[in-house]
Amino acid sequence: MRINEWVAAVAASTLARTRSYFEEEFGIVVADMSQGGGDVATINIHGLTAIVGVGGPASLLVAFSFEQGLMDELYARMTDGIDIAAAEQDAYRGSVAGEIVNTIIGNCTGDLQNNGEAISLTPPMIVDSIKHIHRMKDAIFICRSLHCEFGRVDINLVGPSELFAKSLNDLK
């Protein structure tokens, strides 16, 4: 698999697996998708963001940024029936975001297998107090937003610009 094909496969799989996980696990229908990215200086993030590294023919960062309303709903559904002390709420919210992203990216690995080559994944890094991710030199962003009734999740791929084909902006 060529590197541009790998990047396209990561983007397509991440979108499809996020949509199916939300719908099948939580009954949350993804109503729409929008796109952005490319040659932008920063990604504006909101709420809780989980960032994972995905390695294969090329290494990428995948950042999932959850709007507050969507994160509130996912948190409520995943912790239903669990008594959580107020002082522990923030830690559990981060754990929920990490678990969701681990599941989605883990499900992507089957889509991304290439002639039996290993796919590497990093544990999610949770950030909740930053507002922007600034582009590093020679990096490019591919941004997609999945919209549902509770808010949206922005899924951002970050990697060296030479990995990204211009046709990636046409991914649905």
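Preceding block: the structure.
Residues numbered from 1 in each chain as written. Predicted model: local features only at pLDDT ≥ 70, side-chain atom pairs only at ≥ 80, totals over all residues. Heavy atoms only, no water.

Chemist: Explain helix α2 (residues 68-78) residue by residue, including any values.
Modeler: Within the span of α2, buried status applies to L70, M71, L74 and Y75. For α2, the arc enclosing every buried residue in end-on projection is 130 degrees, short of the 170-degree limit, so these residues lie on one face. (Buried < 20%, exposed > 50% of the residue type's maximum accessible area, 1.4 Å probe, protein only. Helix = DSSP H or I, 4+ residues; strand = E, 2+ residues; numbered from the N terminus. Arc of directions from axis to C-beta.)

Chemist: How would you sum up the pattern of salt bridges? Please name residues and give values.
Modeler: Going through the model one piece at a time under the given rule, you end up with five salt bridges. R17 is the partner of D111 in a salt bridge, and the nearest nitrogen-oxygen pair spans 2.9 Å. Pair noted here: D111 is in helix α3 (residues 89-112) and R17 is in helix α1 (residues 3-26), with a separation of 94 residues, a long-range link. By relative accessible area, which is 27% here, R17 ends up partly exposed. For R77, the salt bridge identified is with E73, shortest N-O distance 2.6 Å. Within this pair, R77 and its partner E73 are both found in helix α2, separated by four residues, close to a single helical turn. One salt-bridge network, in which partners are shared between bridges, spans E67, R152 and D154. (Salt bridge = Lys/Arg side-chain N within 4 Å of Asp/Glu carboxyl O.)

Chemist: Provide a residue-level description of α3, including the pertinent values.
Modeler: Its 24 residues give α3 an end-to-end C-alpha distance of 34 Å, which sits within 8% of 34 Å, the value for a rise of 1.5 Å per residue. Within the span of α3, buried status applies to R93, G94, V96, A97, G98, I100, V101, I104, I105, C108 and L112. Structurally, α3 contributes buried residues whose contacts are with α1, β3 (48-55), β4 (59-66), α2, β5 (120-121) and β6 (125-127). (Expected span 1.5 Å × (residues − 1). Contact = heavy atoms within 4.5 Å.)

Chemist: Before we move on, can you summarise the packing of aromatic side chains with the specific residues and values?
Modeler: Per the stated rule, a full pass over the model turns up one aromatic pair. Relative to F26, the ring of Y21 has its centre 5.3 Å away and its plane inclined at 85 degrees; by these criteria the two rings are edge-to-face. Look at Y21 and you get buried, because its relative accessible area is 11%. (Phe/Tyr/Trp six-rings, centres within 6.5 Å; stacked < 30°, edge-to-face > 60°.)

Chemist: Lay out the pairing of β3 with the relevant residues and their values.
Modeler: Residues in a regular strand project their side chains so that they alternate between the two faces of the sheet. For β3, a buried count of eight out of eight residues is recorded, marking the element as mostly surrounded by other parts of the structure. Here β3 runs beside β4; their pairing, made up of eight bridges, is antiparallel. Counterpart to V52 in the pairing with β4 is V62. Where β3 folds back onto β4 in an antiparallel hairpin, the turn is made up of three residues. The sheet contact formed by β3 and β6 spans three bridges and is antiparallel. Considered in β6, the bridge of T49 is made with V127. Bridge analysis of β3 against β5 gives two bridges, and the strand direction is antiparallel. (Pairing = 2+ DSSP bridges.)

Chemist: Explain the side chain of S145 residue by residue, including any values.
Modeler: Within the fold, S145 resides in strand β8 (residues 139-148). Looking at S145, its side chain comes within polar contact range of the side chain of D154, at 2.4 Å. Apart from the residues lying within four places of it in its own chain, the contact partners of S145 are D32, M33, S34, R152, V153 and D154. (Polar contact = N/O pair within 3.5 Å; in protein donor to acceptor, adjacent residues only side chain to side chain.)

Chemist: Before we move on, can you summarise the nonpolar core with the specific residues and values?
Modeler: Of all hydrophobic cores here, the largest spans 41 residues; its most connected members are F22 and F66. Among the elements of the structure, α1, β1 (30-38), β3, β4, α2, α3, β8 and β9 (151-160) are those that each provide at least two residues to this core. In terms of residue count, α1 provides more of this core than any other element does, nine residues in total. Residues in contact with F22, not counting those within four places in the same chain, are G27, I28, V30, F66, L70, L74, I100 and V153. (Core = buried A, V, L, I, M, F, W, Y, C linked by side-chain atoms within 4.5 Å.)

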